[in-house]
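Notes for the structure review
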Amino acid sequence: MNIKKTMLKVRSVFSIFLMVATVLHGFAQTADADELIAFKPPSDNFVSIYLQTYKGLPRFGVVDSYKNQSANAQANPRSNVARPVRGGARTPEQLKKNNMVNKGKINFSLLISLKYLKPFMRDLDKDRLIIFNDRLTEQQSNSAYLQRFLLNQVAPNLCVDAACKNANGGKNEFEKQRNYKTFVDSYLEPLLEWSQDVFKNDVLIGYHVSTLNIGRNYDFDKKGYWVSHYLALNDIFPFKQGGLKRVVFEPVKPYENQLLKKMALGKNINFFLPMDEQTAERLKKKGINRLYLVKKIKLQHSDKRMDVPTDPINFNYSHEKSDVEIYTDEALANHFRTLSLNNLILKN
């Protein structure tokens with residue numbers, strides 16, 4: 001009888017253990033999924049696009065490259081709690097996530113390009129491929145550019161279906177012509193419709209992450225470092241994918257106008273980052289020579305007109321909050337300090 005009771009207790013404990021493990025596993029999957037935001041395609045013919053997030057919103061600029069946690073511990077300056085520092089070789093899963101994020105940045109940029117190049121699609125020759133030459137009309141030149149963009153960038157990156165992905169393939173000009181026609185007839189319109197689902201109302205709220213270089217020229221009198229922060233955020237979109245995109249700082253609030261006045265020729269501002277000697281020395285000993293500044297931004301498509309599809313796609317941005325968060329790691333796990341753009345000590 002005692003044996004039966006013991007067995008029942010063991011089974012009960014084991015059942016509870018399984019329930020807890022299941023809940024924890026489910027939570028881990030949810031937490032992991034929360035690191036990314038997905039832009040789902042209209043069909044299985046196209047890829048899903050994944051961007052990293054911060055506080056549930058898209059993260060731009062410097063991304064987390066998913067480096068492994070090393071054995072060296074880093075102390076949080078506020079709590080003095082040791083936390084691991086990222087560095088070292090990555091696991092296959094981490095490499096997969098890193099690749100997914102890098103591709104996501106490219107594919108998101110391509111989808112944005114499709115959205116704002118759509119008005120020029122009226123010039124696209126949907127029947128014949130056009131070869132660039134000096135005698136093309138403006139409409140033909142636009143068509144030639146759009147065809148190269150669709151075949152060389154959009155199809156190989158955004159497509160999954162073979163007939164779509166290999167739109168630029170073909171052993172001869174006849175096959176190339178047929179492949180192009182198949183792409184235009186079957187896949188172009190769904191892609192253009194999908195592109196209209198991103199950047200709703202031409203506005204996107206997200207976070208931008210940039211680096212602050214430290215470790216040299218500590219100011220022992222003022223107790224801290226002079227650091228530089230760029231106000232031109234041209235790292236939001238990859239440079240080569242989907243044509244040129246410009247992101248210009250457009251002040252809205254009084255403190256933003258003050259920042260604009262202090263902006264140097266390199267479109268950056270220099271401000272003072274307070275840091276006591278002990279903290280600065282501790283970071284130096286741990287080899288931490290850069291910090292990560294996070295700010296919430298409002299990205300908005302500019303009203304600046306595009307005359308031809310080769311013109312830059314222009315965006316403006318402003319700050320949604322005056323507070324900026326500073327971390328010691330690219331994973332944004334180790335918080336260092338909160339500053340306000342409203343009262344930065346700016347260099348004259």
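In case you missed it, the structure is sitting above this.
First, a word on scope: everything that follows refers to the structure included in this document. (Residues numbered from 1 in each chain as written. Predicted model: local features only at pLDDT ≥ 70, side-chain atom pairs only at ≥ 80, totals over all residues. Heavy atoms only, no water.)

1. Focus: the pairing of strand S9 (residues 268–274)
Most of S9 sits out of view: 5 of its 7 residues are buried. Looking at chain direction, strand S7 (residues 224–230) and S9 are connected through 7 bridges and run antiparallel. Its bridge partner lying in S9, His 229 is registered against Ile 269. (Buried < 20%, exposed > 50% of the residue type's maximum accessible area, 1.4 Å probe, protein only. Helix = DSSP H or I, 4+ residues; strand = E, 2+ residues; numbered from the N terminus. Pairing = 2+ DSSP bridges.)

2. Quick word on the pairing of strand S2 (residues 49–54)
With 5 of its 6 residues buried, S2 lies for the most part within the structure. Sheet analysis places strand S1 (residues 36–39) next to S2, joined by 4 bridges and oriented antiparallel. Note on S2: the bridge partner recorded for Ala 38 is Tyr 50. Here S2 hands over to strand S3 (residues 57–61) after 2 residues, with Lys 55 in that stretch at a positive phi of 55 degrees.

3. A short note on unusual backbone geometry
For Lys 55, which is not glycine, the phi dihedral falls at a positive 55 degrees. Within the element layout of this structure, Lys 55 appears in the loop between S2 and S3. The class for Lys 55 is exposed, based on a relative accessible area of 55%. Phi at Phe 199 is positive, roughly 55 degrees, even though this residue is not glycine. Tracing the chain through its elements places Phe 199 in the loop between helix H5 (173–195) and strand S6 (203–213).

4. Details of the pattern of salt bridges
The tally for this structure, following the rule as stated, stands at 7 salt bridges. In this structure, Lys 285 engages Glu 281 in a salt bridge whose closest nitrogen and oxygen atoms are separated by 3.7 Å. Taken together, the residues Lys 285 and Glu 281, both in helix H7 (residues 277–285) and 4 residues apart, mark about one turn of the helix. Within this structure, Asp 127, Lys 181 and Asp 185 form a network of salt bridges that share partners. (Salt bridge = Lys/Arg side-chain N within 4 Å of Asp/Glu carboxyl O.)

5. Let's talk about the state of the cysteines
Using the criterion set out here, one finds 1 disulfide in the structure. There is a disulfide in this structure between Cys 159 and Cys 164, and the S-S distance comes to 1.9 Å. (Disulfide = S-S within 2.5 Å.)

6. Description of the nonpolar core
Core analysis: the biggest nonpolar cluster contains 72 residues, and Phe 108, Leu 114, Phe 183 and Leu 291 have the highest contact counts within it. If one sorts the elements of this core by residue count, H5 sits on top with 8 residues. In this structure, Phe 183 is in contact with Leu 150, Val 154, Ala 155, Cys 159, Cys 164, Ala 167, Leu 188 and Leu 191, ignoring residues within four places of it in sequence. Membership of the second largest hydrophobic core comes to 7 residues, among which are Tyr 207, Val 209, Tyr 327 and Leu 332. (Core = buried A, V, L, I, M, F, W, Y, C linked by side-chain atoms within 4.5 Å. Contact = heavy atoms within 4.5 Å.)

7. So, the environment of Asp 125
With respect to the helices and strands, Asp 125 occurs in the loop between helix H2 (92–117) and helix H3 (138–158). On a C-alpha basis, the gap between Asp 125 and Ser 143 in space is 5.9 Å, while along the polypeptide they are 18 residues apart. Of the polar contacts made by the side chain of Asp 125, one reaches the backbone nitrogen of Asp 127; its length is 2.9 Å. (Polar contact = N/O pair within 3.5 Å; in protein donor to acceptor, adjacent residues only side chain to side chain.)

8. A look at the environment of Phe 220
Among the secondary structure elements, Phe 220 is positioned in the loop between S6 and S7. By relative accessible area, which is 53% here, Phe 220 ends up exposed.

9. Description of the packing of aromatic side chains
Under the defined criterion, the tally for this structure stands at 15 aromatic pairs. Geometrically, the ring pair formed by Tyr 116 and Phe 315 is edge-to-face, given 6.0 Å between the ring centres and 80 degrees between the ring planes. Of this pair, Tyr 116 sits in helix H2 while Phe 315 sits in strand S11 (residues 313–319), placing them 199 residues apart in sequence. For Tyr 116, a relative accessible area of 9% translates into the label buried. Phe 315 gets classed as buried once you look at its relative accessible area, which sits at 0%. Relative to Phe 220, the ring of Tyr 218 lies with its centre 4.9 Å away and its plane at 75 degrees, an arrangement referred to as edge-to-face. Among the aromatic side chains, those forming a connected cluster through ring pairs are Phe 46, Phe 183, Tyr 187 and Trp 194. Across the ring face of Tyr 116, the terminal group of Lys 115 is positioned such that the distance to the ring centre comes to 5.8 Å. (Phe/Tyr/Trp six-rings, centres within 6.5 Å; stacked < 30°, edge-to-face > 60°. Lys NZ or Arg CZ within 6 Å of the ring centre and 35° of its normal.)

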